[in-house]
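# Topology and contacts: notes
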Amino acid sequence: MSLAQKGRRVVLAGLLLLGGVYVRALAFTPVERFQGPAQKIFYLHVPAAVTTELAVILVGLAGVFFLFLTSTLFLFFLLISYHVLRGAVSDAGLRARYAAVLGICAVVLVGFIHLSVYLFPTLHPQPIVLRPGKPGLPPEMLVTLLMSFGVFLVLYVGFVMQRYAIALRREAASHG
Amino acid sequence: MRDLLGQAWTLARKDLILEFRTRTALLSAVVFTALVLTVFNFGRDPTAVATIDLAPSILWVTFTFAAMLALNRAFQLELENGALEGLLVSPVSRRSLYLGKLLANLGFVGVVEAVGLPLFVLFFNVPVGPVLLPLVGVIALATLGFVSVGTLFSAMVVRTRFAELMLPVLLLPFLLLPLTYAVQATARLLAGRPLSEVSGWLKLLAAYDLVFVAVAVLLFPHTMDE
């Protein structure tokens, strides 16, 4: 089985698991008292953000930060600008270097966002997992969150496998 | 260290002299700032929303756009006649080159802001007098934050397609955070709140500046290697 096929299977498995986690999050996890049903986004938003952050860290090879609860809107913009930058540089070596520079800056920026959220509570709900003391989350919610993390990691690995397969083929095509 | 700063100053002086002799970019940036403020002045209904509620945001949106204009020309300038190659082969370290460009950009944006602030007071009639010194402090800190990241990115985008459009796309996500701090601090200053309420935002701005100047000094040489 080729790498691309394997990657596709991992992504498919990830998507199925994502469906499962969401059934659990919506139907079998209690509703948060203060934020109401809107809090359900937490199970999708936080793992997605953390996995993106992990990917950005891998891009920048600056893997020291590990932050929970960041603003996905920021990450979303950073990702778009990252892709726009990659699209605009024609030289492959230069493209990799610029992407790494942007990746490192993005990791630092996300650290600042986390700090701001922690210090100024009006911007975003407060951190509840990564904070001094133990996580302030009931066990059912924590289990759902951790399952969601696992699923997003599977999805991420699947995407990277497919992307890597594309890069290998492109390499082979340009040398062959 | 003395070498580093000496070279940086030489480069910054070169850019600033060039700028003040031709004055094309500076003049356009100043006029642009005045125009943005005018647009905001006519693009609002003073009877519906109190000016003081909008003023801090207007000030900072204007300064963000003005900084973007200034940063776009920082390395564009060096593309003519292959001047960038000349700089790279000259016995000037890459870090001095960054610091020199940073200083020149700070000077450029500083002039634009020095003209923009009185115009802002004129258009929006806000009580700036009693808080002028802290307000200038907020502007200086936020500008350093904008320009430190912006100088790094403007060095990257000159060698991309659509450089003028690329810089805002890359830079604005990074400016959102200092912009938030600056707007919060400015709003409290203009509302006449005590300074102790502003010091938290000032510290955050200072931390942002320190971190991003350090990151940019470290990363800049990698954007210039052939």
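I will try to describe carefully the structure that is included in this document. (Residues numbered from 1 in each chain as written. Chains lettered and ligands numbered in written order. Predicted model: local features only at pLDDT ≥ 70, side-chain atom pairs only at ≥ 80, totals over all residues. Heavy atoms only, no water.)

### Some points on the overall build of chain A
Heads up, the condition is: Where helices and strands are cited, they refer to DSSP runs of H or I of at least four residues and of E of at least two residues respectively, numbered from the N terminus. Only protein chains enter the accessibility calculation, which uses a 1.4 Å probe; a residue whose area is less than 20% of its type maximum is buried, one above 50% is exposed, and one in between is partly exposed. The contact rule is simple, with two residues in contact once any of their heavy atoms fall within 4.5 Å. For the area figures, the Shrake-Rupley method with a 1.4 Å probe applies, and any residue is considered shielded solely by the protein chains shown.
Tallying secondary structure elements over chain A gives 5 helices and 0 strands in all. In sequence order, the secondary structure elements of chain A are arranged as α-α-α-α-α. The 176 residues of chain A split such that 41% are buried. Restricting to contacts in chain A with at least 6 residues of sequence separation, those with at least 24 account for 67%. Of the roughly 9700 Å² of accessible surface on chain A, 72% is carried by carbon and sulfur atoms.

### Here's the deal with helix 8 (residues 199-224) of chain B
Quick note on the threshold: A helix is expected to span 1.5 Å multiplied by its residue count minus one. Note on bend: the value at a residue is the angle between axes fitted to the seven residues ending there and to the seven starting there.
The terminal C-alpha atoms of helix 8 of chain B, which comprises 26 residues, lie 37 Å apart, in line with the 38 Å expected from a rise of 1.5 Å per residue. Within helix 8 of chain B, the axis deviates most sharply at Leu218 of chain B, by approximately 30°, and proline Pro221 of chain B lies no more than four positions further along.

### Observations concerning helix 2 (residues 24-42) of chain B
Residue and element names in this part refer to chain B. Condition: Arc, as used here, means the arc of the directions from the helix axis to the C-beta atoms.
For helix 2, which comprises 19 residues, the first-to-last C-alpha distance of 27 Å matches the rise-based estimate of 27 Å (1.5 Å per residue) to within 8%. Among the residues making up helix 2, those that are buried are Leu26, Ala29, Val30, Thr33, Val36, Leu37 and Asn41. Buried residues in helix 2, looked at end-on, bunch into an arc of 145°, giving them a common side. Of the residues in helix 2, the exposed ones pointing more than 90 degrees away from the buried face are Thr24, Leu27, Val39 and Phe42. As for helix 2, its buried residues are in contact with helix 1 (2-22), helix 3 (51-76) and helix 5 (94-124).

### Some remarks on a nonpolar patch on the surface
Operational definition: Two joining distances apply to patches: 9 Å for like charges and 5 Å for nonpolar side chains (Val, Leu, Ile, Met, Phe, Trp, Tyr), and every residue must have over 30% relative accessible area and no salt bridge. Any carboxyl oxygen of Asp or Glu within 4 Å of a side-chain nitrogen of Lys or Arg constitutes a salt bridge here.
Taken together, the side chains of Phe76, Phe77, Ile80 and Val84 of chain A together with Phe162, Leu165, Val169 and Leu176 of chain B present a nonpolar region at the surface, about 720 Å² in accessible area. Sorting elements by how many residues they give to the nonpolar patch places helix 3 (residues 72-88) of chain A first, with 4 residues. Mapped onto the secondary structure, Phe162 of chain B falls in the loop between helix 6 (132-157) and helix 7 (163-190). Classification of Phe162 of chain B by relative accessible area gives exposed; the value is 61%.

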